[in-house]
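Okay, here's what each chain looks like letter by letter:
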Amino acid sequence: MEQSLVEKKVLVANERLSVAQEQLDAAIQAYDANRPDIEAMKEASERLREARVCIDNIQQHIEATAEVVPSMRGCPACGKSIRAQATLCGHCWTKVNPQRA
Ligand SMILES: [Zn+2]
């Protein structure tokens, strides 16, 4: 999944949460103890479910990409960002001890 797709999923999830909140607010405004608006509750519940699916997808994407993105550290000699597993700094060519991920 591309970064822009992640952003899109976040927007979709956010939109579903907003709709669910509006539906719940409307149901609260129109509350009638003799006739609770179960249909409105179902609608809001469905939007919340959709938002959770989006968030699950985003979570899976984050977990999947976390494995392929190498962890970084600062070079002890020049301080620039190098891979944790690097044995040689790509900036100043200082030999460094590789770190376990
Ligand atoms: Zn360096």
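The structure under discussion appears in the preceding block.
What comes next concerns the included structure. If you're wondering where the values come from, they're calculated on a predicted model, not measured in any experiment.

With respect to the secondary-structure elements, Ile38 resides in helix H2 (residues 38-68). For the pair formed by Ile38 and Ala27, sequence separation is 11 residues and the distance between their alpha carbons is 8.8 Å.

Once that is clear, we can look at the coordination of the zinc ion. All of the protein donors around the zinc ion are Cys75 (SG), Cys78 (SG), Cys89 (SG) and Cys92 (SG); their distances to the metal are 2.3 to 2.4 Å. Viewed at the metal, the four donor atoms of the zinc ion are separated by angles of 104 to 115 degrees, and the geometry they form is tetrahedral. Mapped onto the sequence, the residues coordinating the zinc ion show the spacing C-x2-C-x10-C-x2-C. With Cys78 in the loop between strand S1 (72-74) and strand S2 (81-83) and Cys89 in the segment after S2, the pair connects residues that are 11 residues apart, well separated along the chain.

Here we come to the side chain of Arg73. The residue Arg73 is located in strand S1 in this model. You can call Arg73 buried: its relative accessible area is 15%. In this structure the side chain of Arg73 is engaged in a polar contact, spanning 3.3 Å, whose partner is the backbone oxygen of Ala84. Not counting chain neighbours up to four residues away, the residues in contact with Arg73 comprise Lys80, Ser81, Ile82, Arg83, Ala84, Ala86, Val96, Asn97, Pro98 and Gln99.

Basis of the calculations
Residue numbers here run from 1 along each chain, matching the order of that chain's written sequence. Only residues with pLDDT of 70 or above have their local features reported here, since the model is predicted, and side-chain atom pairs are shown and tallied only from 80 upward, although totals for entire chains, interfaces and linings are computed over all residues. Hydrogens and water are ignored here; the side-chain numbers use all heavy atoms of the structure. Helix and strand definitions here come from DSSP, where helices need a minimum of 4 consecutive H or I residues and strands a minimum of 2 consecutive E residues; each element is numbered from the N-terminal end. As a rule, N, O and S atoms within 2.8 Å of a metal are its donors, except that Na, K and Ca use 3.2 Å; water is not among the atoms, so sites may look incomplete. In short, tetrahedral needs four donors with all angles between 85 and 135 degrees, square planar needs four and octahedral six donors with opposite donors over 155 degrees apart and all other angles between 65 and 115, and whatever is left is irregular. Any residue under 20% of the maximum accessible area for its type is buried, any over 50% is exposed, and the rest in between are partly exposed; the area is computed with a 1.4 Å probe on protein chains only. In the analysis that follows, any N or O atom pair within 3.5 Å is treated as a polar contact, provided that within protein one partner can donate a hydrogen and the other can accept it, and provided that, for residues neighboring in sequence, both atoms belong to side chains. Any pair of residues with heavy atoms lying within 4.5 Å of one another is described as a contacting pair.

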